[in-house]
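Read off the chains here:
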Amino acid sequence: MQRQVVLWVGAGLVALGVLYLLGDILLPFVVGAALAYLLDPLADRLERIGIGRLGATIVILCLFVLVFVLGLVVLVPIVVNQIVAFAEQLPTYVQRLQVLIAEQGAPLVERVGGQDALAQVQRAVGDLVGQGAAWVATFLRSLWSGGKAVAGVVSILVVTPVVAFYLLVDWDRMIRTIDSWVPPRNRATVRRLGREMDRAVSGFVRGQSTVCLFLAVFYATGLTVIGLNFGGLIGMMAGLISFVPYVGSLTGLFVSVGVALVQFLPDWTWVGVTLGVFLVGQFIEGNILSPKLVGDAVGLHPVWLMFALLAFGSLFGFVGLLLAVPLSAMIGVLARFALQRYRESAMYLGTEAIAPPPEATPIRAGSELDG
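Here the structure is a predicted model, which means the values were calculated and not measured.

Rules and cut-offs
Residues numbered from 1 in each chain as written. Predicted model: local features only at pLDDT ≥ 70, side-chain atom pairs only at ≥ 80, totals over all residues. Heavy atoms only, no water. Helix = DSSP H or I, 4+ residues; strand = E, 2+ residues; numbered from the N terminus. Contact = heavy atoms within 4.5 Å. Areas by Shrake-Rupley, 256 points an atom, 1.4 Å probe, with all protein chains shown as cover. Buried < 20%, exposed > 50% of the residue type's maximum accessible area, 1.4 Å probe, protein only. Axes fitted to C-alpha atoms, helices over the stretch in contact; angles between N-to-C directions. Parallel < 35°, antiparallel > 145°, perpendicular 65-115°, else oblique. Nonpolar A, V, L, I, M, F, W, Y, C, P; charged D, E, K, R; others polar. Polar contact = N/O pair within 3.5 Å; in protein donor to acceptor, adjacent residues only side chain to side chain. Salt bridge = Lys/Arg side-chain N within 4 Å of Asp/Glu carboxyl O. pLDDT = per-residue confidence, 0-100. Expected span 1.5 Å × (residues − 1). Bend = angle between axes of the 7 residues up to and from the residue. Phe/Tyr/Trp six-rings, centres within 6.5 Å; stacked < 30°, edge-to-face > 60°.

**Focus on the overall build of the protein**
Okay, step 1: The helix and strand inventory of the protein stands at 12 helices and 0 strands.
Okay, step 2: Overall, the protein shows an N-to-C arrangement of helices and strands of α-α-α-α-α-α-α-α-α-α-α-α.
Okay, step 3: Counting only contacts in the protein whose residues sit at least 6 apart along the sequence, the fraction spanning at least 24 positions is 71%.
Okay, step 4: Roughly 23700 Å² of accessible area belongs to the protein as shown, and the carbon and sulfur atoms make up 70% of that amount.

Put into structure tokens, the structure is as follows:
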């Protein structure tokens, strides 16, 4: 057992080292493997209706590439124009929001603490807004530098479909090969752990992706209908970032309410409507979509997921963000398995608890149990 633990820990450290060293060139391969994993159930269904594995793979990837290219042609120009316009207006929004906070809060602060307190609050607000803008800029730069392969559009559009094609064709054979490497005495346990990992990863990724798509459409449509500046862009980004629970909705809420304050004040009605769009979206997500599509069986707590995304993103850049969910799910499954084994071990139960019971004392004739 000790040798097995050392072996698997060493293999995990080697894999992390390779990921760290080759992170910049792994992006198309990671994306291709993710596509093969997500599309494998569809290929299996096509096989069951009589289409060969090769034919099913060709059909699936052709449809996927077609949809992807059409999305790029239709959406990218709109999104880029919105991002450029929002970046140009951002300093104005920040300055106006700073002034509004100081003006609205000035009477209360001055009544409580006087002119000195008012001046300190104004300086604090200015510093806070400036630090927030600087943090966002630093985060975007670090994300870009950590994911330089994103700029290699050619590698994404060319290498990724090829990798996905070959992996999808050979997916079942690869699983059988890996299964044959497992010692027969451990095969049942490893298969059970593999099924739990697959259920956690696939359940979360497929379910949460559907939730994110719905929220992006809902937020973008709602904010656009009420006339919020850049409402489509803010809503779409809030929905997509909702892949990390609560983070996307809170980010979209703060940004949209800030824009609404600058745009609509002194009319508080539309500021309240902007807030209502996100409250309704959160109600639908928390009470209808997430319980039905994601459920509680995936084993990924929101705090653990946020930590994994930040940790892997910081260490491995954009590739780390892509691998954070499956790796955190696998680590969670292994941790629960290790905890279960620990609670069944002599270390947890104690030697007395697992000692064989003493031999039964023979019943003497004439005892109370007689007759």
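Now, onward.
**What to know about unusual backbone geometry**
Both trends apply: most residues other than glycine have a negative phi, and most peptide bonds are in trans.
Okay, step 1: Positive phi outside glycine occurs at Phe230, with the angle close to 60°.
Okay, step 2: Residue placement: Phe230 occurs in the loop between helix 6 (187–225) and helix 7 (231–241).
Okay, step 3: Among the residues examined, Phe230 registers a relative accessible area of 14% and is labelled buried.

**Some remarks on the packing of helix 2 (residues 27–48) against helix 6**
Okay, step 1: Viewed as axis vectors pointing N to C, helix 2 and helix 6 meet at an angle of 95°, and their least axial separation amounts to 11 Å. One way to sum up the angle between helix 2 and helix 6 is to call them roughly perpendicular. Together, Tyr37, Leu38 and Pro41 of helix 2 and Asp198, Val201, Ser202, Val205 and Arg206 of helix 6 make up the contact between the two elements.
Okay, step 2: Class assignment for the residues of the contact of helix 2 with helix 6 results in 5 nonpolar, 1 polar and 2 charged.

**Thoughts on the side chain of Ser256**
Okay, step 1: The topology assignment puts Ser256 in helix 8 (residues 247–264).
Okay, step 2: Engagement of the side chain of Ser256 in a polar contact is seen with the backbone oxygen of Leu253, the distance being 3.1 Å.
Okay, step 3: Apart from residues lying up to four places away in sequence, Ser256 is in contact with Leu223, Leu228, Ile234, Thr274 and Phe278.

**What to know about the side chain of Asp40**
Okay, step 1: With respect to the secondary-structure elements, Asp40 resides in helix 2.
Okay, step 2: Those residues in contact with Asp40 that lie beyond four places of it in its chain are Arg53, Leu168, Trp171 and Asp172.

**Some thoughts on the pattern of salt bridges**
Okay, step 1: Under the criterion given, the structure shown has 7 salt bridges.
Okay, step 2: The closest approach of N and O atoms between Glu47 and Arg53, which form a salt bridge, is 3.0 Å.
Okay, step 3: Residue Glu47 is classed as partly exposed on the basis of its relative accessible area of 32%.
Okay, step 4: A salt bridge links Arg173 to Asp170; the shortest N-O distance between them is 3.5 Å.
Okay, step 5: Residue classification places Arg173 among the partly exposed positions, given a relative accessible area of 47%.
Okay, step 6: Shared partners join several salt bridges into a network, and the residues in it are Asp40, Asp44, Glu47, Arg53 and Asp172.

**A short note on the confidence of the model for the protein**
If pLDDT is low for a region, its predicted coordinates should not be looked at in detail.
Okay, step 1: Mean pLDDT for the protein: 75, with 75% of residues reaching 70 or above.
Okay, step 2: Between the elements of the protein, mean pLDDT differs from a low of 51, seen in helix 12 (residues 351–354), to a high of 88, seen in helix 5 (residues 171–181).
Okay, step 3: Confidence drops under a pLDDT of 50 for residues 143–151, and excluding neighbours within four residues, the segment shows 14 contacts in the predicted structure.
Okay, step 4: Below a pLDDT of 50 lies the segment residues 360–371, which in the model reaches 3 contacts outside its immediate sequence neighbourhood of four places, other chains included.

**Some words on helix 2**
Okay, step 1: Here helix 2 spans 32 Å end to end across 22 residues, near enough to the 32 Å set by a 1.5 Å rise per residue.
Okay, step 2: Approximately 45° is the largest bend angle found in helix 2, and it occurs at Leu39, with the proline Pro41 only one to four residues beyond.
Okay, step 3: Leu27, Pro28, Val30, Gly32, Leu35, Ala36, Tyr37, Leu39, Asp40, Ala43, Asp44 and Leu46 are the residues of helix 2 that are buried.
Okay, step 4: Positive phi shows up at Gly50, right after helix 2, with a value of about 110°.

**Details of the packing of aromatic side chains**
Geometrically, a pair of aromatic rings is defined through the distance of the ring centres and the angle of the planes.
Okay, step 1: As enumerated under the stated definition, the model contains 6 aromatic pairs in all.
Okay, step 2: Judged by centre distance (5.9 Å) and plane angle (15°), the ring pair of Phe214 and Phe218 falls under stacked. With Phe214 and Phe218 both in helix 6, this residue pair falls 4 residues apart, about one helical turn.
Okay, step 3: Phe214 gets classed as partly exposed once you look at its relative accessible area, which sits at 32%.
Okay, step 4: Classification of Phe218 as partly exposed rests on a relative accessible area of 24%.
Okay, step 5: Taken together, a centroid distance of 6.3 Å and an interplanar angle of 40° make the contact between Phe264 and Trp270 tilted.
Okay, step 6: Among the aromatic residues, those joined into a cluster by ring pairs are Phe214, Phe218, Tyr219 and Phe278.

**Notes on the environment of Leu240**
Okay, step 1: With respect to the helices, strands and loops of the structure, Leu240 is situated in helix 7.
Okay, step 2: Residue class for Leu240 comes out partly exposed when judged on its relative accessible area of 47%.
Okay, step 3: The sequence separation of Leu240 and Cys212 amounts to 28 residues, and the corresponding C-alpha distance is 5.3 Å.
Okay, step 4: If near-sequence neighbours (up to four positions away) are discounted, Leu240 is found in contact with Cys212 and Ala216.

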